[in-house]
Amino acid sequence: MPLHSAVAYLIAAILVLVAGRHRLREAGRPMLEGWSNAVAEQPLAAGFAVAIIGLAAVPSWLPTLNPDDNAAHLLMARDLLAGSYYRIDASSQVFAVAPWLNNVLHAMTTVLAGAEARSVIGLGWLLAGCVGAYRVAHLLGARGAFPWLAAALYASHPLTAYFGMTLQVDGASTAVLLHLVASCIELKRDGAWSASPWLIGALCGMLAGLKISNGVYLLVLGSWLIWHHASSRQYRRLALLLAFAGVIAGSSYFYATVITGNPLFPLFNGIFKSPYMAAIDFSDPRWHVGVGIDTFWKLTFSTPSFMESYIGAAGLSMLALLGAWVVSVASGGWRAALTAFALATGLVVFLQVQYLRYIFPAMGLLGTLAVVALSAQPWRRAAAACLVALVLVQCGLIRTTSWILTAGAAEQLLREGPRAVARVEQTFVPERALVRNLDAAGRDYCLLFADISTSYAALAPGKSLVIGFYDPRMNELANKAAADPTGAAWKDAIERIGFTHVEFRPAQARPGLLAALESLGFAMHERRGEAEVWSRPGADAGRCLTATLAPRNEARRLLH
């Protein structure tokens, strides 16, 4: 059912805009007035915040270079571009049915643009997070420059900028959490129910549809929302909220259950025992270093132990704002409750897996609450000056979040403009250009990504397989083949499946692979940077595409 085309999306978008034109007008007018008033009241603070947001947005201009994006997150967008429907191939990519709300948004803009359009969604989440920080600070009583400083502090966090250059969802989760907290604060004011159940339901659903670990934050806020509505006998509002949250969040969990038998696939497969992978709980031993009383210090100065990054990627706010959190807890009311909530939920998530990205929603909320606490002190000017200094220092740590930024990719783009995009891409992910050239040739191919560290399954969906852990069957086959240095096992596997092309980086070639390719008559087809594609002259991709890849098309299997 090839429903996903630019024309269909454009017609649907126009219908939505026409049908909602009155609501959009009603929402837009006070929003513009509010912006004008806020800027007129604090022009210097507003200018500072906007400048910091602009700096944080620079990494979003880069092409899609993050390995996880090219291996997993781009899969839906690439599938829709290729065939106007999503193949839902969970056997070739175990994250094909993982919570996909963010991937859906990226796929929609990609279909509309006719090419990858990651930056627009990344910038949208960045702006949403900054506005969310401003809202929370303002609703909790921060006035003057401090709501703007809350937005600037959020934008200055090194990970905020990092999330603009990737499809990873933790920045999106933080933005949604901030707005959900703001909506809870203004849920019932002056005796009237002001926050719409549709809006709160959508935010709850988005939080659940972005990442499974967000369930920790949602469990607390959701329980409070249910209690708050039930105690006020607002059962209709509660039913609307829960129903809409289920609709927004449910699609990936539904398809994961129907296809794999595990609604949380690939997580917790030791419980659900889906046949699509081993009946073990998915875990990465790198991020189980333990939690101690010195964790805040280690996050700041031993950051590589908690994320693929350099020292400083966690920013300085975890240490610099500790005192402000103590003040916030002691202040009582919403500030104390929200600070306790952020600390407790962040700790629960961190106890499960010590990975920095996963606790960023708690970090983003805690930073905003610290600004609110500082705004209530008698030494407001000194507090504002300290926050400005913290923001500026954190901006200098943006490069520490990724080897791509440390290597100067953003600077090259700033220096040379759009002309640098192709060179940046070739330097960091040459596989993208190799696959693009294979597609441009207009001939069928069946490609094996033969590097474990560069298993870019999302670049050629329906035309490729990978030997990394994303494809358990191919991973097992590759491990057995690598145990034979003569290449005989590789030769048998490549010939049996019918691959016409093999991509790998010679420095990372598995034992026996080169010998097998040469004995089968493969020759190097193209080299880009460190990556090479080898092809077999005259080989027919039909057998591989029909007998191996077509049966993995779960969408077609469900409909037939």
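Thresholds, definitions, all that
Residues numbered from 1 in each chain as written. Predicted model: local features only at pLDDT ≥ 70, side-chain atom pairs only at ≥ 80, totals over all residues. Heavy atoms only, no water. Helix = DSSP H or I, 4+ residues; strand = E, 2+ residues; numbered from the N terminus. Polar contact = N/O pair within 3.5 Å; in protein donor to acceptor, adjacent residues only side chain to side chain. Contact = heavy atoms within 4.5 Å. Buried < 20%, exposed > 50% of the residue type's maximum accessible area, 1.4 Å probe, protein only. Arc of directions from axis to C-beta. Pairing = 2+ DSSP bridges. Phe/Tyr/Trp six-rings, centres within 6.5 Å; stacked < 30°, edge-to-face > 60°. Axes fitted to C-alpha atoms, helices over the stretch in contact; angles between N-to-C directions. Salt bridge = Lys/Arg side-chain N within 4 Å of Asp/Glu carboxyl O. Disulfide = S-S within 2.5 Å. Core = buried A, V, L, I, M, F, W, Y, C linked by side-chain atoms within 4.5 Å.

Before going further, it helps to spend a moment on the side chain of T260. Mapped onto the fold, T260 is located in helix 13 (residues 235-260). At a separation of 3.1 Å, a polar atom in the side chain of T260 contacts the main-chain amide nitrogen of N262. Those residues within four positions of T260 in sequence are excluded, and the remaining contacts are A90, V97, Y255, F265, S274, P275 and Y276.

Take helix 26 (residues 488-497) next. All of the buried residues in helix 26 are W490, A493, I494 and I497. Seen along its axis, helix 26 keeps its buried residues to an arc of 95°; they face one direction. Structurally, helix 26 contributes buried residues whose contacts are with strand 3 (447-449), helix 25 (472-482), helix 27 (513-519) and helix 28 (542-549). Following helix 26 by one or two positions, G498 adopts a phi angle in the positive range, close to 95°.

With five bridges connecting them, strand 6 (residues 523-528) and strand 7 (residues 531-535) associate as antiparallel partners. What sits directly across from M524, in strand 7, is W534. In this antiparallel pair of consecutive strands, strand 6 and strand 7, the connection spans two residues, and G529 shows a positive phi of 60°.

For the coordinates displayed, the defined rule picks out 22 aromatic pairs. Ring centres of Y134 and W148 lie 5.2 Å apart, and the angle between their planes is 70°; on these two criteria the pair is classed as edge-to-face. In this pair, Y134 is assigned in helix 7 (residues 118-139) and W148 in helix 8 (residues 146-156), connecting sequence segments 14 residues apart. On the basis of relative accessible area, W148 is assigned to the buried category, the value being 6%. Summarising the aromatic geometry, the rings of F254 and Y255 are spaced 5.4 Å apart at their centres and angled 75° between planes, so their arrangement reads as edge-to-face.

Moving on to the environment of V16. Following the sequence through the fold, V16 ends up in helix 1 (residues 6-19). Its relative accessible area of 58% is what places V16 among the exposed residues. When the C-alpha atoms of V16 and S213 are compared, they prove to be 32 Å apart, with 197 residues separating the residues in sequence.

Spatial strand order, 4-3-5-7-6: five strands in an open sheet with mixed pairing. Of all the strands in the sheet, the pair left with one neighbour each is strand 4 (464-466) and strand 6. Taken over all neighbouring pairs, the strand axes of this sheet differ in orientation by 20° on average, direction set aside. Sheet topology places strand 3 next to strand 5 (residues 501-504); three bridges connect them, and they run parallel.

Before going further, it helps to spend a moment on the pattern of salt bridges. Enumeration over the complete set of coordinates arrives at 23 salt bridges. Among the ionic pairs, D89 bridges to R87, the shortest N-O distance being 3.4 Å. Take D89 and R87: they sit in the same class, and that class is buried. Its salt-bridge partner being E476, residue K480 comes within 3.5 Å of it at the nearest N-O pair. Highlighted residues: K480 and E476, both in helix 25, separated by four residues, approximately one helical turn. Connected via shared salt-bridge partners are R78, E116, E425, R432 and R436.

Going through the model one piece at a time under the given rule, you end up with one disulfide. C130 forms no disulfide, and the closest cysteine sulfur to it belongs to C395, at a distance of 11 Å. The structure places no disulfide on C386, whose sulfur is separated from the nearest cysteine sulfur, that of C395, by 16 Å. You can call C386 exposed: its relative accessible area is 53%.

Attention now moves to the nonpolar core. The biggest cluster of nonpolar side chains holds 120 residues, and the ones touching the most others in it are L180 and L356. Looking at this core, the element that brings in the most residues is helix 19 (residues 360-375), giving eleven residues. Excluding residues that lie within four positions of it along the chain, L356 makes contacts with L159, L299, T303, F306, M307, A313, A314 and M363. If you look at the next biggest cluster of nonpolar residues, it comprises 26 residues, including A478, V502, F504 and W534.

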